[in-house]
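Here's the letter readout for the chains.
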Amino acid sequence: MSKALPQVGFVSLGCPKASSDAERILTQLRAEGYEISGSYQDADLVVVNTCGFIDAAVEESLDAIGEALAENGKVIVTGCLGAKGSVVRDTHPSVLAVTGPHALDEVMEAVHAHLPKLHDPYTDLIPPQGIRLTPDHYAYLKISEGCNHRCSFCIIPSLRGDLVSRPVGEVMSEAERLVEAGVKELLVISQDTSAYGVDVKYRTGFWNGRPLKTRMTELASALGELGAWVRLHYVYPYPHVDEVIPLMAEGRILPYLDIPFQHASPAILKAMRRPGNIENTLERIRGWREICPDIVIRSTFIAGFPGETDEDFQMLLDFLEEAQLDRVGCFAYSPVEGAAANELPGALPEAVRQERQAIFMETQADISAARLARHIDRTMTVLVDEVTEEGAVARSYADAPEIDGLVYIADGDQLQVGDFVEVLITDSDQHDLWAQLA
């Protein structure tokens, strides 16, 4: 009787970048013949992929590690929390190993040490697109790791290091494999998508024998040739971002831009170490809409940053009214251990921070409702995410999975997940759309 294959349990927390790291680890585990267990009881050991960005995420990650230790006993920890000094071992000294983020080799070394793999050429085979945590019809495509910015509220560079761009040919080959495997939507992610290639001076790589610059515009254009939706996330507002707007107008990539502005007060932006010319930002938004009227702009902001006065906050609300952004998230400022912003004067009470976040979101709710109402009586192409007896749940070009809204199709119960369909929009609220098949 052959020996049972070694089984590894996997718990993944955090952002899409962490999910992308998890997919690489899972792919390598399967490539080497390890089975992925769905339960603590059946696993020979458990890998916990952590987040360490804000205090709530740290607590969630430590709780997940504790649960895995209680249920299984053999735990390897990876991810951003692992880069925060001795936090993990101080709390859970019995873990087998601790690594930081994007640490595939270190994780596999720890797995090999505590659970040697069995060699079996039949179980070493994996799908060409690798092992993914997302549904079959969409996938995250990570193009770089780390960040060269030093925003005062952020510790990502200390966790993930400076910018390291993936070779453009490698990115394009992965994208091709994903589309060939049935992926209908590619979500381009990184810490700073618009900085792609800066670290290698935008050197020319090769894809299928064709020269291609390691640069966001050229990459987006090439991805647009693959026949899938291409959605850009985490775009820092560099001037050359303007170059991708014509690609959106031409239908090469989705007219969707995820660009975190963070604030509108020049004084607060300076304290954040972010670009501070808000009039220029508004002018650029107007220019983008002239070129591509259907563009959807998603952004995130921080309310209650240290030193934020009533006047600063009013400038933020005024910016919302002027910019008329489509999708917006707002965080009440939360001190992050190791962030430079912790040393800034003028820290606000938590109650004030929470109140300003609530006022911000109430202001944006009316804007979002008005922006979505424009789609009523229009026909849109949507991608089906879920089908039940009550109909289908889909997303339009304006909706990234898990963070934006949904399109509910009452007569879509015969559709299939992953279908592109035309629908007529019949109703809306501040988040979602309702539709019927066109």
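Right above here is the structure, for reference.
First, a word on what this report is: a plain description of the structure on this page. These figures come from a predicted structure and were not determined experimentally.

### Structural notes on the side chain of S221
Here comes step 1: Mapped onto the secondary structure, S221 falls in helix α7 (residues 216-223).
Here comes step 2: Residue S221 is classed as buried on the basis of its relative accessible area of 19%.
Here comes step 3: Ignoring anything within four residues of it in the chain, the contact list for S221 reads L247 and R252.

### Examining the pattern of salt bridges
Between side chains of opposite charge, a pair can form when the charged atoms approach closely.
Here comes step 1: One pass over the full model with this rule turns up 25 salt bridges.
Here comes step 2: The shortest N-O distance in the salt bridge between R284 and D242 comes to 2.9 Å. Taken together, the positions of R284 in helix α10 (residues 278-291) and D242 in the loop between β12 (229-232) and α8 (245-249) put the pair 42 residues apart, joining distant regions of the chain.
Here comes step 3: What makes R284 buried here is its relative accessible area of 13%.
Here comes step 4: Taking the relative accessible area as the measure of exposure, D242 reaches 32% and is therefore partly exposed.
Here comes step 5: Between D294 and R378 there is a salt bridge, and its shortest N-O distance comes to 3.6 Å. Placement of D294 in the loop between α10 and β14 (296-303) and of R378 in the loop between α12 (350-373) and β16 (379-388) is noted, with a sequence separation of 84 residues between them.
Here comes step 6: The exposure class of D294 is partly exposed, given its relative accessible area of 37%.

### Let's talk about the sheet that holds strand β3 (residues 45-50)
Here comes step 1: Overall, parallel pairing links the five strands, which are arranged β2-β1-β3-β4-β5 in an open sheet. Among the strands making up the open sheet, the edge pair consists of β2 (35-37) and β5 (97-98).
Here comes step 2: Taken together, the five bridges between strand β1 (residues 7-12) and β3 define a ladder with parallel strand orientation. Directly across from S12, in β3, lies its bridge partner N49.
Here comes step 3: Sitting on the sheet, helix α1 (residues 16-31) touches β1, β2, β3 and β4 (75-79), and the angle it makes with β1 is about 175°.
Here comes step 4: Contacting β3 and β4, helix α2 (residues 55-71) runs over the sheet at an angle of about 175° to β3.

### Points about the packing of helix α6 (residues 168-180) against α7
What describes two packed helices is the angle between their axes and the distance between those same axes.
Here comes step 1: It is at 11 Å that the axes of α6 and α7 come closest, and there the two elements cross at 25°. By the angle between their directions, the pair α6 and α7 is classed as roughly parallel. Note on packing geometry: the crossing formed by α6 with α7 is right-handed. Facing α6, whose interface residues are V168, V171, M172 and A175, α7 presents L219, A222 and L223.
Here comes step 2: Considered class by class, the residues forming the contact of α6 with α7 number seven nonpolar, no polar and no charged.

Rules behind the numbers
- Residues numbered from 1 in each chain as written.
- Predicted model: local features only at pLDDT ≥ 70, side-chain atom pairs only at ≥ 80, totals over all residues.
- Heavy atoms only, no water.
- Helix = DSSP H or I, 4+ residues; strand = E, 2+ residues; numbered from the N terminus.
- Buried < 20%, exposed > 50% of the residue type's maximum accessible area, 1.4 Å probe, protein only.
- Contact = heavy atoms within 4.5 Å.
- Salt bridge = Lys/Arg side-chain N within 4 Å of Asp/Glu carboxyl O.
- Pairing = 2+ DSSP bridges.
- Axes fitted to C-alpha atoms, helices over the stretch in contact; angles between N-to-C directions.
- Parallel < 35°, antiparallel > 145°, perpendicular 65-115°, else oblique.
- Left-handed = near helix turned anticlockwise from the far one by under 90°.
- Nonpolar A, V, L, I, M, F, W, Y, C, P; charged D, E, K, R; others polar.

By themselves, these figures tell us nothing about what the structure is for.
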